[in-house]
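Architecture and fold: a report
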Amino acid sequence: FVSETSEFCENDGVLLSTLRELDIGVEFVVNDGSTNVTAHKIWMQNESSVNALVSIAKEYKLTGWNLDLEPQSVPGTAEDAKMYASFLNRTRASLNEIGTRLTIDVAQWSPMLSQYDVLAPSVDRLMNMETYNCDSFEGWIKGDSYGGYYEAFVNNNIPRHVNGVGTGCWPTATCGTNHSCWTTTNSSVSPRIERMIQDNVPEIAMFRLYGDQSENTPPDERWPQ
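Described below are features of the structure shown in this document. (Residues numbered from 1 in each chain as written. Predicted model: local features only at pLDDT ≥ 70, side-chain atom pairs only at ≥ 80, totals over all residues. Heavy atoms only, no water.)

The next point concerns the layout of surface pockets. Looking at the largest pocket, its volume works out to about 740 Å³. Lining the largest pocket are 27 residues, and of these Asp105, Met129, Tyr132, Ala205 and Phe207 sit closest to its centre. Residue assignment for the lining of the largest pocket shows that the elements contributing at least two residues are β1 (27–31), β2 (64–68), β3 (101–106) and β6 (203–206). Partitioning the lining of the largest pocket into residue classes produces 12 nonpolar, 7 polar and 8 charged. (1 Å grid on protein atoms, 1.4 Å probe; cavity = no way out; pocket = protein on both sides within 12 Å on 5 of 7 lines; lining within 4 Å. Points joined across faces, edges and corners; volume = space filled by probe spheres on them. Helix = DSSP H or I, 4+ residues; strand = E, 2+ residues; numbered from the N terminus. Nonpolar A, V, L, I, M, F, W, Y, C, P; charged D, E, K, R; others polar.)

Formed by 47 residues in total, the largest nonpolar core has its most connected members in Trp65, Leu67, Tyr84, Leu88, Ile104, Leu119 and Leu126. When contributions to this core are tallied by element, the ones reaching two or more residues are α2 (37–45), α3 (48–60), β2, α4 (80–97), β3, α5 (116–119), α6 (137–142) and α7 (150–153). Apart from the residues lying within four places of it in its own chain, the contact partners of leucine 119 are Ala81, Tyr84, Ala85, Leu88, Ile104, Val106, Met112, Leu113 and Leu126. (Core = buried A, V, L, I, M, F, W, Y, C linked by side-chain atoms within 4.5 Å. Buried < 20%, exposed > 50% of the residue type's maximum accessible area, 1.4 Å probe, protein only. Contact = heavy atoms within 4.5 Å.)

Within the structure shown, the criterion is met by 8 aromatic pairs. Here the aromatic rings of tryptophan 140 and tyrosine 150 are separated by 4.4 Å at their centres, their planes lie at 25°, and the arrangement is stacked. Note that tryptophan 140 is positioned in helix α6 and tyrosine 150 in helix α7, a separation of 10 residues in sequence. For tyrosine 150, a relative accessible area of 0% puts it in the buried group. An aromatic cluster of three or more residues is present, and its members are Phe137, Trp140, Tyr150 and Trp182. (Phe/Tyr/Trp six-rings, centres within 6.5 Å; stacked < 30°, edge-to-face > 60°.)

Right, let's talk about the pattern of salt bridges for a bit. Evaluated as defined, the whole model comprises 8 salt bridges. Glutamate 27 is the salt-bridge partner of arginine 101, the closest N and O atoms lying 2.9 Å from each other. In this pair, arginine 101 is assigned in strand β3 and glutamate 27 in strand β1, connecting sequence segments 74 residues apart. Ionic pairing is found between aspartate 199 and arginine 195, a salt bridge with its closest N-O pair at 2.8 Å. Residue classification places aspartate 199 among the buried residues on the basis of a relative accessible area of 14%. Three or more residues are tied together by salt bridges with common partners; here these are Glu27, Arg101, Arg125 and Glu203. (Salt bridge = Lys/Arg side-chain N within 4 Å of Asp/Glu carboxyl O.)

Simply put, the disulfide is a covalent bond whose two ends are the sulfur atoms of two cysteines. Overall, the coordinates contain 1 disulfide when judged by the stated rule. Note on cysteine connectivity: cysteine 175 is disulfide-linked to cysteine 181, with sulfurs 1.9 Å apart. The sign of the 100° torsion about the S-S bond sets the cysteine 175-cysteine 181 disulfide as right-handed. As far as the burial class goes, cysteine 175 and cysteine 181 line up, both buried. Not engaged in a disulfide, the cysteine cysteine 134 finds its nearest cysteine sulfur in cysteine 175; these two sulfurs lie 7.4 Å apart. Judged by relative accessible area, cysteine 134 falls into the buried class, the value being 0%. (Disulfide = S-S within 2.5 Å.)

Encoded structure:
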């Protein structure tokens, strides 16, 4: 699970020690490269996986673990959410015992990750990636070709305490042809924040997604800051 850690990220390295001095909690992410639901399920069925997460959390005094398992190349089904939830239940119980929370990343585009009602009872927070981008406030609320679907996530069927709404522009600045997404504009900020406050959303997850801005990257493929 762990092979090498850069000096920057060592337990007593400059990054973690500085965050702790500032009283900022440290949360690690499990990010998969396979995007394959079969690989995810093999990992979930491995009895050592939970123990490894707990051991690392203790060693690094983690505030939380975030599981960013995104089945794409082999997308999985809605039924797979039940197995994921079972794994999450076991994991959260073990992590909560040592004061570490468990969050996962979810999205409307995924048959497995869009089962919010199935996944919600098994985690401390759901972090929604679908709410990064859209091309209007109405699109953000109802969903459009670029994302949004806020109301599919923040509603009376999902316990409010698990709602973590993601903001951030993914992956480029354009919606359609030579057209900046509404979510990249200043005017998009206040209405979204105000709606989340109105709905008592407990956490906003802001992702700073920032890629190569040099001439090596075509302008329409650069991530906005």
